[in-house]
Amino acid sequence: MALDVLGSLVFKDELAGNSPTAYRILAPVANPATLDALLDLASAVARRKKGEVIALHVVSQLERASPEEVRRSAEGRRTLLEEVVSARRERSVPVHTMT
């Protein structure tokens with residue numbers, strides 16, 4: 001499912017339309033400082049179970065934030081998540097993102 005904020009795509013579900021594997025690990029990623037370690041752990045478990053990892057980032061809107069501020073923040077976090085995940089896509093465990 002995608003959500004359009006101020007005319008631009010910010011939220012993305014890579015799993016839309018894909019058939020699921022038997023084993024999935026949902027890794028809630030919020031803190032950039034722990035992102036690598038969390039995805040390494042999730043990937044190790046998924047590899048052992050012949051599964052896949054879904055890196056989930058939840059974006060919340062603060063009451064005082066404008067829709068434009070929320071969009072910019074979400075885009076920045078999405079870019080960081082994509083950069084970290086793209087390095088893992090060459091490994092033996094599928095890693096998908098969902099924001």
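Quick note: structure is the one above.
All chains use their own residue numbering, which begins from 1 and follows the written sequence. At least 70 in pLDDT is required for a residue's local features to be given in this predicted model, at least 80 for side-chain atom pairs to be given and counted, and no such filter applies to totals for whole chains, interfaces and linings, which use all residues. With hydrogens and water stripped out, all remaining heavy atoms of the structure feed into the side-chain values.

**Describing the overall build of the protein**
Here's step 1: Strands are runs of DSSP state E lasting at least two residues, helices are runs of H or I lasting at least four, and both sets are numbered from the N terminus onward. The number of helices and strands found in the protein is 2 helices and 5 strands.
Here's step 2: Taken from the N to the C terminus, the helices and strands of the protein come in the order β-β-β-α-β-α-β.
Here's step 3: Every accessible area reported is derived by Shrake-Rupley at a probe size of 1.4 Å, with residue values counting cover from the shown protein chains alone. Surface exposure of the protein reaches about 6400 Å², of which carbon and sulfur atoms provide 56%.

**Section: the nonpolar core**
The tendency in soluble globular proteins is for nonpolar side chains to be buried side by side.
Here's step 1: To define a nonpolar core, start from buried Ala, Val, Leu, Ile, Met, Phe, Trp, Tyr and Cys residues and group those joined through side-chain atoms within 4.5 Å. The buried label applies to any residue whose accessible area, calculated with a 1.4 Å probe on protein chains only, is under 20% of its type's maximum; exposed applies above 50%, and partly exposed to all values in between. If you look at the biggest cluster of nonpolar residues, it comprises 14 residues, and the most contacted ones within it are Val29, Leu35, Leu39, Val53, Ala55, Leu81 and Val85.
Here's step 2: Elements with a contribution of two residues or more to this core: β3 (24-28), α1 (35-48), β4 (52-56) and α2 (67-88).
Here's step 3: No other element matches the 4 residues that α1 contributes to this core.
Here's step 4: The residues contacting Ala55, other than those within four sequence positions of it, are Ala27, Val29, Leu39, Leu81, Val85, His96, Thr97 and Met98. Any two residues whose heavy atoms approach within 4.5 Å are treated as being in contact.

**Let's talk about the pairing of β3**
Here's step 1: Side chains Ile25 and Ala27 of β3 all project onto a buried face; the interleaved residues Arg24, Leu26 and Pro28 project onto a face where none is buried.
Here's step 2: Direction of pairing for β3 relative to β4: parallel, over a ladder of 5 bridges. When the bridges of β4 are listed, Pro28 appears paired with Leu56. Paired strands, as defined in this entry, are two strands with at least two bridges between them according to DSSP.

**Observations regarding the packing of α1 against α2**
Here's step 1: Inter-axis angles, ranging from 0 to 180 degrees, are taken between N-to-C directions of lines fitted to C-alpha atoms, where helices are fitted over the stretch in contact. Orientation of α1 relative to α2, taken along the N-to-C sense of each, is 40°, at an axis distance of 11 Å. By the criterion of interaxial angle, the relationship of α1 to α2 is oblique. Handedness of the crossing formed by α1 with α2: right-handed. On α2, the residues touching Leu35, Asp36, Leu39, Asp40 and Ser43 of α1 are Leu80, Leu81, Val84, Val85 and Arg88. The scheme is simple: roughly parallel for angles under 35 degrees, roughly antiparallel for over 145, roughly perpendicular for 65 to 115, oblique for anything else. Left-handed is the label given to a crossing in which the near helix is rotated counterclockwise from the far helix by less than a right angle, and right-handed is the label when the rotation is clockwise.

**What to know about unusual backbone geometry**
Here's step 1: Although it is not a glycine, Lys50 sits at a positive phi angle of roughly 55°.
Here's step 2: Mapped onto the elements of the fold, Lys50 is located in the loop between α1 and β4.
Here's step 3: Taking the relative accessible area as the measure of exposure, Lys50 reaches 73% and is therefore exposed.

**Things to note about the pattern of salt bridges**
Pairing between side chains of opposite charge can happen when their charged atoms approach one another.
Here's step 1: Should a side-chain nitrogen of Lys or Arg be within 4 Å of a carboxyl oxygen of Asp or Glu, the pair is scored as a salt bridge. According to the stated counting rule, one finds 2 salt bridges in the structure shown.
Here's step 2: Among the salt bridges present, the one from Glu52 reaches Arg24, with a minimum N-O distance of 2.6 Å. Placement of Glu52 in strand β4 and of Arg24 in strand β3 is noted, with a sequence separation of 28 residues between them.
Here's step 3: Its relative accessible area of 4% is what places Glu52 among the buried residues.
Here's step 4: When its relative accessible area of 34% is taken as the criterion, Arg24 is described as partly exposed.
Here's step 5: The partner of Arg72 in a salt bridge is Glu68, with the nearest N and O atoms 3.5 Å apart. With Arg72 and Glu68 both in helix α2 and 4 residues apart, this pair spans about one turn of that helix.
Here's step 6: Arg72 sits in the partly exposed class, given a relative accessible area of 47%.

Worth remembering: the numbers are spatial, not functional.
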